[in-house]
Amino acid sequence: MLKAVLFDFNGVIINDEAIHRRLVDELLLQENLRPMTLGEYQQFALGRSDRAALPDLWAYRGRSISEDYLTKLIHRKALGYRQALRQLDPLPFYPGLQAFLERLSLRPWERGLVTGAIGSEVDYVLERGGLLSYFSVRVTGEDVAQSKPQPDGYLLALAQLQQRQPDLLPQECLAIEDSWAGLQAAKAAGMRVLGLAHTYPYHFMQRWANWAVDSFTEIDLDRIEVVMARRSLAEA
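Here's what I pulled together on the structure shown here. What you are looking at is a predicted structure, and each value in this text was computed from that prediction instead of being measured.

This part is about the environment of Glu17. Among the structural elements, Glu17 can be located in helix H1 (residues 17-30). For the pair Glu17 and Leu156, spaced 139 residues apart in the sequence, the C-alpha separation amounts to 25 Å. Residue contacts for Glu17: discarding those within four places in its chain leaves Asn10, Gly11, Tyr41, Leu46, Asp178 and Thr199.

So, in structure tokens, the structure goes:
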């Protein structure tokens, strides 16, 4: 049965992928490197932490990068992200998010966040949007050694939730994701996945996720709960 719902952040909670892409391109230009194509952004950055994405992108440009300098680049990008969000009022949350979170809060399910984003960025957005109280568990890119598509973040969130519900199983968790890396991470952790077509088209989400929808308003929690309960019985 469904007992926990775990959200990705960028591209699921907040519509900020264009901001991240622009900031990475600015870092590249400052290093006299050419900006990313859309395909390169999807391959190297989308759904992944900056600490995982930037070294791979720099290597693709024929450059190596030290850990110290990587940390400086991440810090520089984080400052740019905060400055960009300060100029936005309101923040670009996805339509239907608040109502969906309120619907979830009426259910006896745990709620968490699993993201490759920096913790300070996540906290700033959630606090400013009044959403922090909706999540009992929060795992960011700084909490795990390996970024999505590796399952580390979801496995850590599961372990934290099991401190609240010791009998919680991964197949009783639903992850809400928008990227290939996120879908693969959640599936590798043994969780069911709902794909939101915020970043990739619906047919892509439908191919890789257990459920696919275009927006939060289309999520049928009752149907998902019934299907998960049937699958649990079938697997028992």
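So, about the side chain of Asn10. Positionally, Asn10 belongs in the loop between strand S1 (4-7) and H1. The buried category is assigned to Asn10, whose relative accessible area is 12%. One polar contact links Asn10 to Asp16, side chain to side chain, over a distance of 2.7 Å.

As a further point, take empty space enclosed by the protein. Under the criterion given, the structure shown has 1 cavity of 30 Å³ or more. Computed from the structure, the largest cavity encloses a volume of approximately 220 Å³. At the level of elements, H1, helix H2 (38-45) and helix H3 (50-60) are the ones that each hand at least two residues to the lining of the largest cavity. A per-element tally of the lining of the largest cavity places H1 first, with 3 residues. Of the residues belonging to the lining of the largest cavity, the class tally is 7 nonpolar, 6 polar and 7 charged.

Attention now goes to the packing of helix H4 (residues 67-86) against helix H6 (residues 119-129). Orientation of H4 relative to H6, taken along the N-to-C sense of each, is 15°, at an axis distance of 10 Å. The angle between the axes of H4 and H6 places the two elements in the roughly parallel class. At the point where H4 passes H6, the crossing takes the right-handed sense. In this structure, H4 contributes Ala78, Tyr81, Arg82, Leu85 and Arg86 to the contact, and H6 contributes Ser120, Glu121, Tyr124, Val125 and Arg128. Residues belonging to the contact of H4 with H6 are distributed by class as follows: 5 nonpolar, 1 polar and 4 charged.

Now for the sheet that holds strand S5 (residues 192-196). Strands sit in the order S3-S2-S1-S4-S5-S6 across an open sheet of 6 strands; the sheet is parallel. Edge strands, defined here as strands with exactly one partner in the open sheet, are strand S3 (137-139) and strand S6 (211-213). On average, adjacent strands in this sheet sit at an angle of 20° to one another, irrespective of strand direction. Lying over the sheet, helix H5 (residues 97-105) contacts S1, strand S2 (110-114) and strand S4 (173-177), oriented at roughly 155° with respect to S1.

Here we take up the pairing of S2. Among the 5 residues of S2, 5 are classified as buried, and the element is accordingly described as predominantly covered. In S2, alternate side chains face the same way, and those of Glu110, Gly112 and Val114 on one face and Arg111 and Leu113 on the other are all buried. Where S2 lies against S3, 3 bridges are found, and the strand directions are parallel. Bridge pairing links Val114 to Val139 in S3. On the question of chirality, the crossover connecting S2 to the parallel S3 by way of H6 is right-handed.

Here the largest pocket is characterised by a volume of approximately 410 Å³. In this structure, the largest pocket is lined by 23 residues; those nearest its centre are Ser49, Arg51, Gly116, Gly141 and Glu142. At 3 residues, H3 tops the list of elements feeding residues into the lining of the largest pocket. Residue classes in the lining of the largest pocket are distributed as 9 nonpolar, 9 polar and 5 charged.

Reading guide: rules and limits
- Going along each chain's sequence as written, the residues are numbered from 1 onward.
- It should be noted that, the model being predicted, local features are given only for residues of pLDDT at least 70 and side-chain atom pairs only at 80 or more, the latter also being counted only at that level, while totals for whole chains, interfaces and linings use all residues.
- In computing side-chain values, all of the structure's heavy atoms are included and hydrogens and water are not.
- Strands here mean DSSP runs of E at least two residues long; helices mean DSSP runs of H or I at least four residues long; both are numbered from the N terminus.
- Whether two residues touch is decided by their heavy atoms; if any such pair falls within 4.5 Å, the residues are in contact.
- Buried means the residue's accessible area, taken with a 1.4 Å probe over protein chains only, is under 20% of the maximum for its type, while exposed means over 50%, and partly exposed covers the values in between.
- Two N or O atoms form a polar contact when they lie within 3.5 Å of each other; inside protein one atom must be a possible hydrogen donor and the other a possible acceptor, and for residues adjacent in sequence the pair counts only when both atoms belong to side chains.
- In the cavity and pocket records, a cavity denotes points on a 1 Å grid over the protein atoms alone where a 1.4 Å probe fits but cannot get out, a pocket denotes an open set with protein on both sides within 12 Å along at least 5 of 7 lines, and lining residues are residues with an atom within 4 Å of a point.
- Grid points are joined across faces, edges and corners, and a volume is the space filled by probe spheres set on the points.
- For this classification, Asp, Glu, Lys and Arg are treated as charged, while Ala, Val, Leu, Ile, Met, Phe, Trp, Tyr, Cys and Pro are nonpolar and the rest, including Gly, are polar.
- Think of each axis as a best-fit line through the C-alpha atoms, taken over the contacting stretch in the case of a helix, with angles from 0 to 180 degrees between the N-to-C directions.
- Comment on the angle field: the value is read as roughly parallel under 35 degrees, roughly antiparallel over 145, roughly perpendicular from 65 to 115, and oblique elsewhere.
- In this scheme the crossing of two helices becomes right-handed for a clockwise turn of the near helix relative to the far one and left-handed for an anticlockwise turn of less than a right angle.
- Note: two strands are recorded as paired if DSSP finds a minimum of 2 bridges between them.
- A crossover counts as right-handed when, viewed with the strands pointing away from the observer, the path leading from the first strand over the helix to the second turns clockwise.

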